[in-house]
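Examining the three-dimensional arrangement
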Amino acid sequence: SSISQPSPLNVLVTGNSSLCAGSSASLTSNVSGGTAPYNFQWSPNGGTSPNTVVSPVESTVYTLTVNDNNGCQAATNIAIAVNPSPGANVINNQLVGCAPVCASFSLAQNQNSNYNYNWIFTSSAPSPTVISFNQYNPQICFTKEGVYTANISITTAQGCTTTITYTNLVTV
């Protein structure tokens, strides 16, 4: 009779290695070799399942340690970078006037050339008007009567977006 040796225990973890602040990532393990059943230990979150969902508040390295039925052990790491969401605050006061009402809109934060800025102004009924600009500080003249609400979305190069709404920012 011969004694068979199991193949070496190996563990691999996959998942999103870059997140926006406030997001979660699903981490999935793939174990091969060794002798089942396997015991799983995630660190630093303490999970004991083959897969886990994490929501780090800062960039974190997660380690999965797997032990097989023979006491053999394998471990692997995955680093998750947490990217900040951009700040967004408009420094304009509410504007009221007769058409045309013209203004240059600005954000309290400095412009970042790696960010995408999208301003959408929508007026109220009876005939809604939508004005859209993809720039940091648009100069806009409102020629149609209405009360305009502004939605500003700022997206970083990593795809993290902050959207803010200013209700009744402009009245024409």
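In the block above lies the structure referred to throughout.
Attention now moves to the sheet that holds strand β7 (residues 73-83). With mixed pairing, four strands are arranged side by side in an open sheet as β2-β7-β6-β4. Strands at the two margins of the open sheet, each flanked by one partner only, are β2 (18-20) and β4 (39-43). Here the average twist between neighbouring strands, direction ignored, is 25°. The pairing of β4 with strand β6 (residues 60-67) spans five bridges and is classified as antiparallel. Looking at β6, one finds that Asn 39 is bridged to Asn 67.

Here Ser 2 lies in the segment before β1 (10-14). Relative accessible area serves as the criterion here: at 71%, Ser 2 is assigned to the exposed category.

Attention shifts here to the sheet that holds β1. On the basis of which strands lie adjacent, the open sheet formed by three strands has the order β1-β3-β5 and antiparallel pairing. Both outer strands of the open sheet, β1 and β5 (51-54), are each paired with one neighbouring strand and no more. Neighbour-to-neighbour, the strand axes of the sheet open up by a mean angle of 20°, direction not taken into account. Pairing of β1 with strand β3 (residues 25-32) involves five bridges; the strand directions are antiparallel. Pairing of Val 13 across the sheet is with Ser 29, part of β3.

Below, the discussion takes up unusual backbone geometry. Note the cis peptide between Ala 36 and Pro 37, where omega equals 0°. Inspection of the secondary structure assignment puts Pro 37 in the loop between β3 and β4. Cis geometry marks the peptide bond from Ser 43 to Pro 44, where omega comes out at 10°. Following the sequence through the fold, Pro 44 ends up in the loop between β4 and β5. In this structure, Asn 168 is a non-glycine residue whose phi angle is positive, near 55°. Among the structural elements, Asn 168 can be located in strand β14 (residues 161-171).

Before going further, it helps to spend a moment on the state of the cysteines. Within the structure shown, the criterion is met by two disulfides. At a sulfur-sulfur separation of 2.2 Å, the disulfide partner of Cys 20 is Cys 160. When the S-S torsion is -100°, as for the bridge of Cys 20 with Cys 160, the disulfide is left-handed. Of this pair, Cys 20 sits in strand β2 while Cys 160 is found in the loop between β13 (147-155) and β14, placing the two residues 140 residues apart along the sequence. The burial state of Cys 20 is the same as that of Cys 160; both residues are buried. Once the disulfide-bonded cysteines of the protein chain are ranked by sequence position, their pairing pattern turns out to be 1-4, 2-3. In this structure Cys 98 is a free cysteine whose sulfur lies 13 Å from that of Cys 102, the closest cysteine sulfur available. Since its relative accessible area comes to 71%, Cys 98 is described here as exposed.

Here the focus is the packing of aromatic side chains. Think of a pair of aromatic rings as described by two things: how far the centres are apart, and how the planes are tilted against each other in angle. Following the criterion strictly, the structure yields eight aromatic pairs and no others. Considering the side-chain rings of Phe 105 and Phe 142, the 6.1 Å spacing of their centres and the 85° angle between planes classify their relative orientation as edge-to-face. In this pair, Phe 105 is assigned in the loop between β9 (101-104) and β10 (116-123) and Phe 142 in strand β12 (residues 139-142), connecting sequence segments 37 residues apart. Each member of the pair, Phe 105 as well as Phe 142, carries the same accessibility label: buried. Aromatic side chains Tyr 117 and Tyr 136 sit 5.1 Å apart centroid to centroid with 75° between the ring planes, which places their arrangement in the edge-to-face category. A residue pair is termed long-range when its members are at least 10 positions apart, and Tyr 117 in strand β10 and Tyr 136 in the loop between β11 (130-133) and β12 qualify at 19 residues. Of the residues examined, Tyr 117 reaches a relative accessible area of 4% and is grouped as buried. Judged by its relative accessible area of 12%, Tyr 136 is buried. Feature note: the residues Phe 105, Trp 119, Phe 121, Phe 142 and Tyr 148 constitute an aromatic cluster, connected by ring pairs.

What counts and how
- Residues numbered from 1 in each chain as written.
- Predicted model: local features only at pLDDT ≥ 70, side-chain atom pairs only at ≥ 80, totals over all residues.
- Heavy atoms only, no water.
- Pairing = 2+ DSSP bridges.
- Helix = DSSP H or I, 4+ residues; strand = E, 2+ residues; numbered from the N terminus.
- Axes fitted to C-alpha atoms, helices over the stretch in contact; angles between N-to-C directions.
- Buried < 20%, exposed > 50% of the residue type's maximum accessible area, 1.4 Å probe, protein only.
- Disulfide = S-S within 2.5 Å.
- Phe/Tyr/Trp six-rings, centres within 6.5 Å; stacked < 30°, edge-to-face > 60°.

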